[in-house]
Amino acid sequence: MMRHPLLLFCITALTLAACNTPDTPTPILAEVIPGMAMPLRLAPDSTWIPLSDFCPETLPEEVFWIPEWGGGKQQELSAVGGQQGVWIQGQPEQGFGALELRLGGRSAHVPVFASVQRSITYTMPASDQTYEQVYIMGAFNGWSRSSHPLTLGSDGRWQTELSLPEGHHPYQLVADGVEMPDPANPEKVDNGFGGFNSILTIEGSGEKLELAAIGFGGNQVHDVRLLGTPGARVWGWWEDHLYASTVIGDNGTGVVRIPARAYGSGRTNLRLWASGAGQPSHEVRIPLMDGIPIASPDQLTRQDWESQVLYFMLVDRFRNGDQGNDSPVDDPSILPPANDQGGDLAGIRKALDEGYFDDLGVTALWISPITTNPDSAYGYWQDPSTDVTSRFSGYHGYWPISNTEIDPRFGTRSVFDGLVDAAHDKDMNFLLDYVANHVHEAHPLYKAHPDWATSLYLPDGRENTQLWDDERLTTWFDTFMPTLNLEREDVAEAMSDSAAWWVLNSEIDGFRHDATKHIPLSFWRLLTRKIKQHTDGTNRRVYQIGETYGSAELIGSYLGSGLLDAQFDFNLYDKAIVAFGKENAGFEDLIQVAQEGLDHYGAHHLMGTITGNQDRPRFASLAEGTVRWEEDHKLAGWTRDIRRDGLRGHQAMRMLTAFNMSMPGVPCIYQGDEYADVGGNDPDNRRMVRFDGLDLEEKRTREMASRWVALRRSRMSMMYGQTQLTSPAPQLLKITRQYLDETTTVFFNQSGVPVDIPNAEQAECILGKPLGRQIAPYTALAYSGSL
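Residues numbered from 1 in each chain as written. Predicted model: local features only at pLDDT ≥ 70, side-chain atom pairs only at ≥ 80, totals over all residues. Heavy atoms only, no water.

Colleague: Got a minute to help me understand the pattern of salt bridges in this structure?
Modeller: Oppositely charged side chains can pair when the atoms bearing their charge come close. Counted under the stated rule, the structure contains 47 salt bridges. A salt bridge links Arg-285 to Glu-306; the nearest nitrogen and oxygen atoms lie 2.8 Å apart. Here Arg-285, found in strand E25 (residues 284–289), pairs with Glu-306, found in the loop between strand E26 (292–293) and strand E27 (310–313); they are 21 residues apart in sequence, far enough to count as distant. Both residues of the pair, Arg-285 and Glu-306, count as buried. (Salt bridge = Lys/Arg side-chain N within 4 Å of Asp/Glu carboxyl O. Helix = DSSP H or I, 4+ residues; strand = E, 2+ residues; numbered from the N terminus. Buried < 20%, exposed > 50% of the residue type's maximum accessible area, 1.4 Å probe, protein only.)

As structure tokens, then:
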């Protein structure tokens, strides 16, 4: 990305003016904030902001807090835990503000949002049933059964204080050890596992303001035309520089001018937000090339992650390209599905060379961990109704005994480097799965430093294994997988160095980070700072995406300029598979969670939207009913020969793929989902990919996936457009994506009968086969234009 330190910036923190032209010129802060600063979300009372999140090399000399347009206050610099930063007290006046960083007469700005946390008292109504102890659990506390106890009052009612963000929060009560929905709350939602959760709703502070960029040019060729809420103030950022403001007129229109210094600056971004009497708008983002809004996807590159489509491979289960390195663990206690199957890097390279990924249209490859794993059996599974048992090999790569050496069963370093180079030759990004949270007990690091691990036992004597939420930062995945104490400086330095080693010694384009929520934020700050320092002065962008199951607040807490770029949006996936996979489910819950995701992560987030993964049962089998939603999915995979049963799985997977391609974020296809593979959970969801012998419907599903990928990649509105989700009819979903003068509208029919599409004759269908003015059962259609 080109930056120009001698170009002029038009606004200072102390003399902000509502203008589109320079008043008091100040040089911009160039090459100090790598990339674009991600917006900050304040805490309810005071917020600590470490400045190294934005400036990893040289810290700013002055920081100004701008809680409202036209005013700013210098902040005192201080240190917390050895980190230089500032404390921000209170909230911006209208929910939105900025932080100005100054260094050597130069300046840059970070967008800042007010907290949306609300303090409430939850009360469980009195009943005839008496309990000894009651807890509340939900997405807001990671479904911890013990972190939020209720207190019994003199009036016989149980209650507790909660701090929750605006939105809808699924929860259950745990009364004397028994989980149950709230008996007094009629608001319930399908939990996707055969039961229901209660819903606690925290109302927002006013309606969200509207803002959209609808065109470029006009009276002035450099103007961007806007539509928005009358009276709203628009804040204009060019890259990291707050350069302009305008107010939406009474007729709902406005104009913001692209700054002159954008011309000749190569690939940059214009970012707009509106604030006023209501909640701040979603971001409007316009990618620029030499100051002109990009109208054609051909001008985007693989550095633009908004345009990317991921494909995830479990290396051992993708394709066997070199039988000479086949070496399953020689232990009869491991049943074949839990042992090495022979997939390797050479197999991925063959698929790449043969054009498999080109045909599918994906632009980024993500592979499971490839470092050395133990050559022995660990873990244990038993069929509870028989004597059948199995142990496991480390075929999956998540039990590392090295953090840099490639497992010989997967290939050699030269094969790996050649694969990455070949992907780049095809203009594809390449992501490596990295494990920082834990090591295998045979890892030399653990043998040399057993004190680097957290304790296997809690103070009360309980074994600290798989306590995912109650002991989130210390729990072990199993007794042979020590969790590293990454809050220790020496441990964090060693593990972050081993991750940064891959950035220094290979040409990978990013990481998928395993078990993200079990690792403290301090580690991610350390690693991200090292990555930025290693890539400073280059055009290399290292994309980092994490894995966290939990609330949107927990997931979002790991995102930021000094943290991760994204996480996989499992909450969206959970609602999507219910909406597309269950009969008569409707779209209300999916729309709600999708909207909350846009609010929490941003309208142009880079979150991963998935078709499935290696830890979930195959969606096609859930939709077909060959795997029941409420059953033990691992047991189903081990004990039944799960096969295809009709078309319903294909129909559901086609809609899910189309949905992911229609939403903001980075869509990710899990191997086999491109043809709607079947199976239970691990290891049955990890069958070898089939390249040949697909039946007619599997070929159609793969072709449909390719067509939806191509549609997304061919339309700016599908990648950078504003997003609106509605349900015009009970089982009809409508997604509208709008970017400047281009609009794409996508419909999904989850019912078994054709459904009318309002005003279908007013737009051109560009993907799918409409039935006149109707959409066929269990299908998706895309239209060019607004409907």
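Colleague: So what exactly am I meant to see when it comes to the environment of Gln-762 here?
Modeller: Mapped onto the elements, Gln-762 comes out in the loop between strand E40 (755–756) and strand E41 (764–767). Spatially, the C-alpha atoms of Gln-762 and Ser-786 are 8.2 Å apart, while their sequence positions differ by 24 residues.

Colleague: In this structure, what is going on with the sheet that holds strand E5 (residues 62–68)? I would like to understand it.
Modeller: By way of backbone hydrogen bonds, the strands of a sheet pair with one another, either parallel or antiparallel. If you trace the five strands from one edge of the open sheet to the other, you get E3-E10-E9-E5-E6, paired in mixed fashion. Each edge of the open sheet is held by one strand with a lone partner, namely strand E3 (40–41) and strand E6 (71–75). Sheet topology note: the E5/strand E9 (residues 96–103) ladder contains five bridges and is antiparallel. Bridging from a neighbouring strand, Val-63 pairs with Leu-101 of E9. (Pairing = 2+ DSSP bridges.)

Colleague: Mind showing me how you'd approach helix H13 (residues 696–714) here?
Modeller: One full turn of an α-helix is made of 3.6 residues, so residues set three or four places apart face in the same direction. Over its 19 residues, H13 extends 27 Å from the first C-alpha to the last, a length consistent with the 27 Å expected when each residue adds 1.5 Å. The complete set of buried residues in H13 reads Glu-697, Glu-698, Thr-701, Ala-705, Ser-706, Trp-708, Val-709, Leu-711 and Arg-712. The residue sitting at the N-terminus of H13 and contributing the capping side-chain oxygen is Asp-695; that oxygen lies 3.2 Å from the backbone nitrogen of Glu-697. (Expected span 1.5 Å × (residues − 1). Polar contact = N/O pair within 3.5 Å; in protein donor to acceptor, adjacent residues only side chain to side chain.)

Colleague: Help me understand the packing of aromatic side chains, please; the structure alone is not making it clear to me.
Modeller: Any two aromatic rings considered together are summarised by their centre-to-centre distance and by the angle between their planes. Summed over the entire model, instances satisfying the criterion amount to 37 aromatic pairs. Geometrically, the ring pair formed by Trp-69 and Trp-235 is edge-to-face, given 5.0 Å between the ring centres and 90° between the ring planes. You can see Trp-69 sitting in the loop between E5 and E6 and its partner Trp-235 sitting in strand E21 (residues 233–238), a full 166 residues away along the chain. Given a relative accessible area of 1%, Trp-235 falls into the buried group. Residues Phe-580 and Phe-748 carry aromatic rings whose centres are separated by 5.5 Å and whose planes lie at 50° to one another, so their mutual orientation is tilted. Within this pair, whereas Phe-580 is found in helix H8 (residues 570–581), its partner Phe-748 is found in strand E39 (residues 742–749), the two being separated by 168 residues in sequence. Residue Phe-580 shares its accessibility class with Phe-748, and that shared class is buried. Against the face of Trp-629 rests Lys-582, its NZ or CZ located 5.1 Å from the ring centre. If you follow Arg-648 out to its NZ or CZ, it ends over the ring of Tyr-778, 4.1 Å from the centre. (Phe/Tyr/Trp six-rings, centres within 6.5 Å; stacked < 30°, edge-to-face > 60°. Lys NZ or Arg CZ within 6 Å of the ring centre and 35° of its normal.)

Colleague: I keep staring at the packing of helix H1 (residues 345–353) against helix H3 (residues 413–425) and nothing clicks. Help me out?
Modeller: What describes two packed helices is the angle between their axes and the distance between those same axes. The N-to-C vectors of H1 and H3 enclose an angle of 25°; their axes lie 10 Å apart at closest approach. Between H1 and H3, the angle falls in the class roughly parallel. Between H1 and H3 lies a crossing whose hand is left-handed. Where H1 approaches H3, its residues Leu-345, Ala-346, Ile-348, Arg-349 and Leu-352 are matched on the opposing element by Val-415, Phe-416, Gly-418, Leu-419, Ala-422 and Ala-423. Its residues assigned to classes, the contact of H1 with H3 comprises nine nonpolar, one polar and one charged. (Axes fitted to C-alpha atoms, helices over the stretch in contact; angles between N-to-C directions. Parallel < 35°, antiparallel > 145°, perpendicular 65-115°, else oblique. Left-handed = near helix turned anticlockwise from the far one by under 90°. Contact = heavy atoms within 4.5 Å. Nonpolar A, V, L, I, M, F, W, Y, C, P; charged D, E, K, R; others polar.)

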